[in-house]
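Residue-level structure breakdown
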Amino acid sequence: MKRLSLAVIGATGMVGGFFVKVLEERNFPATDLKFYASPRSAGKKILFKNKEYNILALNDDIFNEDIDIALFAAGGDISAQYAPMLAKKGVVCIDNSSKFRMDASVPLVVPEVNADEAKKHDGIIANPNCSTIQSVVALAPLQKAFGIKRVSYTTYQAVSGAGQEGANDLQRGLDGLSHQKFSHPIYNNVIPQIDIFTENGYTGEEMKMIKETRKILGVQDLPVTATCVRVPIFNAHSVSINVELVNTFDVKDVVQVLQNASGVVVMNDWAKGEYPMPITADGKDEVYIGRIRRDESIANGLNMWVVADNVRKGAATNAVQIAELLI
């Protein structure tokens, strides 16, 4: 086997830990592995394929290491500090933060949708927003088969999307304690704000979905709107997608297209109460689609309910899939 060195940056965080888990599950063919975290975690042990590795402190010493691929899960500031320099040294950096997503020179990749873009990198590849990933996996087959005229999203996003602190906030509510992470209690509540508000009244999360959908689908003027809501679910995001297609369609044909799509599981037997839910997708890598039905209020309108594990497919699995495209 050709030597392949891989580093995980932020290996002790929620997403970084899933990077490690998914790399092991998918038997990623690295011959050399390095796991980095903050200095306070340096020296701790991490188990990978029944072998213990030391956690390394992330500092400028990494620039002297021989690394082929680096997976970043330590936040935008760390990515900005380390990824460009590593890229100059020949390391391919796959970044889970939002730092480089809208950079015109950086590919924004979902392997089931635009795998060829991964080969166009200049050292950095961006991993999209978690809700965007599952949404475009559902939309891309429809774009190819029928064309897309307009997209409207409403998301129901789990607290794990806010990291371990988000999960802790829900648990605190369950335990009768006050919230710390979110601006309002999340237990027994929904919060119609994810990220800060921008000048147009949309939140940062909503603007991410709008802009990233256009970039991934390759239609820069595609009309897209979004409302993103935090819900008291520990894991797995749900997205209600209303899409206006260009061409006429039969719902049965739409279902067939989605059933044949890569990475998709269709659960659409409404007569039997069969549809995806967060408990369906939790711990899975596929994108689950159901409630597929015509929107009778407009011509060529369609409604779908799309659910996926936001920490796996929405972050770690998608990043590892991108790495697999490079080898």
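Let me sum up the structure you'll find in this document. (Residues numbered from 1 in each chain as written. Predicted model: local features only at pLDDT ≥ 70, side-chain atom pairs only at ≥ 80, totals over all residues. Heavy atoms only, no water.)

1. Some thoughts on helix α7 (residues 251-259)
Counting along an α-helix, one turn takes 3.6 residues, and residues three or four places apart therefore face a common direction. Selection rule: The buried label goes to any residue with under 20% of its type's maximum accessible area, the exposed label to any with over 50%, and the partly exposed label to all in between, with areas taken from a 1.4 Å probe on protein chains only. Here a helix means four or more residues in a row that DSSP labels H or I, a strand means two or more in a row labelled E, and each is numbered from the N terminus. Comment: arc refers to directions from the helix axis out to C-beta atoms. Contacts are residue-level and defined by heavy atoms, with any inter-residue pair within 4.5 Å sufficient.
Taken together, the buried positions of α7 are occupied by V254, V255 and L258. The buried side chains of α7 occupy one side of the element, clustering within an arc of 100° when seen end-on. Its buried side turned inward, α7 meets α4 (130-146), β11 (264-266), β12 (287-295) and β13 (301-308).

2. Description of unusual backbone geometry
Unlike most non-glycine residues, N188 shows phi in positive territory, near 60°. Tracing the backbone through its elements, the reader meets N188 in the loop between α5 (163-174) and α6 (204-217). Here the phi dihedral of R291 falls at roughly 50°; this positive angle occurs in a residue that is not glycine. Here R291 shows up in strand β12.

3. Topic: the pairing of strand β8 (residues 148-157)
Successive residues of a regular strand alternate their side chains across the two faces of the sheet. The line we're drawing: By the convention used here, strands pair only if DSSP detects at least 2 bridges between them.
Across eight bridges, β8 lies against strand β10 (residues 237-245) in antiparallel orientation. If you follow T154 over to β10, its bridge partner there is S240. Note: β8 against strand β9 (residues 224-230), seven bridges, orientation parallel. Residue pairing for β9: Y153 is matched across the bridge by A226.

4. Topic: a nonpolar patch on the surface
Quick note on the threshold: A patch consists of residues exposed above 30% relative accessible area that lack any salt bridge, with like charges linked at up to 9 Å and nonpolar side chains (Val, Leu, Ile, Met, Phe, Trp, Tyr) linked at up to 5 Å. For accessible areas, the Shrake-Rupley method is used with a probe of radius 1.4 Å. Any residue's cover is judged against the shown protein chains and nothing else. The term salt bridge refers to a pairing of a side-chain nitrogen on Lys or Arg with a carboxyl oxygen on Asp or Glu at a separation within 4 Å.
Together, L174, Y187 and F234 line one region of the surface with nonpolar side chains, adding up to about 290 Å² of accessible area. If you trace the backbone, F234 turns up in the loop between β9 and β10. We classify F234 as partly exposed; its relative accessible area is 36%.

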